[in-house]
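This is what each chain is made of:
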Amino acid sequence: MPSLKDKIALVTGSTSGIGRGIAGHFASLDAFVVVHGPDAESSNAVADELRAAGRRVDAVAGDLTKPDACREVVRSVIARHGGIDILVNNAASTARASLEDATLEFWDSMMAVNLRAPFLCLQEAVPSMKARGGGSIVNIGSINAYVGLPNLGPYSVSKGGLMTMTKNAAAALNRHRIRVNQLNVGWTLTEGEDRVQQADGNGPHWLEEAVSTRPFGRLLLPADIAYAAAYFASDDSALVTGAVVDLEQFPIGDLGGMVTVTGRE
């Protein structure tokens, strides 16, 4: 079991879904976790739940569509806790649009959350990590980074950009012992995914149909991603940087998997 004892970890978008799973798991591994959400009410609610379970946590809020808010989220963690050891860039939009039909406003909003926010959070975290002798940045991507369904075109581009940033940041920061890795997540069962499926008109039995297409008999769960993120965040992966792990039940390129995957929450 990895240890994150006394590490200060910020997990963006951690009030639900995958981010919530990562925050809870990191806290169980003795990290001091800062929960992030778009508003104080949601981030404080999750932090309170974790505190009630005996975990060491704090909460921070910020709208990551705004550049100043991205920077302030990380700066507040550093100011309140003396630094940052782990940054998990999890917050993301999975809004639907095709490359043909997406408006400029839609495109800008998607790139702001999914690509610009991780970039700005990384920029703010790196000086503190340098001063502390190293750190770990874990970017939560998607298997759609390679190619997605037509209605996920801009989303897929944003995750492909994140993957390229991961590789370049890893190459630039390894001399400072700052590791940057990415998890490309497949179809994951979260409350957000259920809302999306219902909104897409897939009906109340979508999950049964989805599970029937999965070779291991279920969708991924937030815990699956949390376990992999803990590996990248911990010293268990001390010499691993620039890695991209496709966390999915089908190898990339197997059309049996790609035709049914709709995104990650």
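Quick notes on the rules
Starting afresh in each chain, residues are numbered from 1 along the sequence in its written order. Where totals are concerned, whole chains, interfaces and linings use all residues; where local detail is concerned, this predicted model gives features only for residues with pLDDT of at least 70, and gives and counts side-chain atom pairs only at 80 or more. Computation of side-chain values covers all heavy atoms of the structure but excludes hydrogens and water. In what follows, salt bridge is the name for a side-chain nitrogen of Lys or Arg lying within 4 Å of a carboxyl oxygen of Asp or Glu. The helix and strand labels rest on DSSP assignments: H or I over at least four residues marks a helix, E over at least two residues marks a strand, and numbering proceeds from the N terminus. Each polar contact in these results corresponds to two N or O atoms within 3.5 Å; when the atoms are within protein, one needs to be able to donate a hydrogen and the other to accept it, and residues that are neighboring in sequence are counted only if both atoms are side-chain atoms. A contact between two residues is defined here by any heavy atoms of the two lying within 4.5 Å. The rule is simple: take the accessible area with a 1.4 Å probe, protein chains only, and divide by the maximum for that residue type; under 20% is buried, over 50% is exposed, in between is partly exposed. Axis lines are fitted through C-alpha atoms, for helices just across the contact stretch, and the angle between N-to-C directions can take any value from 0 to 180 degrees. Working rule for angles: under 35 degrees goes down as roughly parallel, over 145 as roughly antiparallel, 65 to 115 as roughly perpendicular, anything else as oblique. Handedness of a crossing follows from how the near helix is turned relative to the far one, being left-handed for an anticlockwise turn of less than a right angle and right-handed for a clockwise one. Each residue gets one label: Ala, Val, Leu, Ile, Met, Phe, Trp, Tyr, Cys and Pro are nonpolar, Asp, Glu, Lys and Arg are charged, and the others, such as Gly, are polar. By definition, pLDDT measures how confident the predictor is in each residue, and it falls between 0 and 100.

Draft legend 1. Spatial organisation of the pattern of salt bridges. Going through the model one piece at a time under the given rule, you end up with nine salt bridges. Arg75 is the partner of Glu124 in a salt bridge, and the nearest nitrogen-oxygen pair spans 3.0 Å. Here Glu124, found in helix H4 (residues 104-131), pairs with Arg75, found in helix H3 (residues 67-81); they are 49 residues apart in sequence, far enough to count as distant. Across the salt bridge formed by Arg218 and Asp224, the nearest N and O atoms sit 2.8 Å from each other. Through salt bridges with shared partners, a single network forms among Arg71, Arg75 and Glu124.

Draft legend 2. Inspection of the side chain of Ser156 at higher detail. Checked against the element boundaries, Ser156 lands in helix H5 (residues 153-173). From its side chain, Ser156 meets the backbone oxygen of Asn144 in a polar contact 3.2 Å long. Once you skip the residues sitting within four places of it in the chain, Ser156 turns out to touch Asn144, Ala145, Val147 and Gly148.

Draft legend 3. Structural detail: unusual backbone geometry. Non-glycine residue Asp6 carries a positive phi angle of around 65 degrees. Relative to the assigned elements, Asp6 resides in the segment before strand S1 (8-11). We classify Asp6 as partly exposed; its relative accessible area is 46%. Despite not being glycine, Arg177 shows a phi value in the positive range, around 60 degrees. With respect to the helices and strands, the residue Arg177 is situated in the loop between H5 and strand S6 (178-185).

Draft legend 4. Inspection of the packing of helix H1 (residues 17-28) against helix H8 (residues 222-233) at higher detail. Running from N to C, H1 and H8 point in directions that differ by 55 degrees, and their axes come no closer than 8 Å. Classified by the angle their axes make, H1 and H8 are oblique. Of the two possible hands of crossing, H1 and H8 adopt the one that is right-handed. Residues Gly17, Ile18, Gly21, Ile22, His25 and Phe26 of H1 form the contact with H8, whose own contacting residues are Pro222, Ile225, Ala226, Tyr227, Ala229, Ala230 and Ala233. Classifying every residue of the contact of H1 with H8 by side-chain character gives 10 nonpolar, three polar and no charged.

Draft legend 5. The confidence of the model for the chain, seen in detail. For the chain, per-residue confidence averages 93 on the pLDDT scale, and residues scoring 70 or more make up 96% of the total. This model gives residues 259-265 a pLDDT under 50, and the stretch forms 42 contacts once residues within four places in sequence are excluded.

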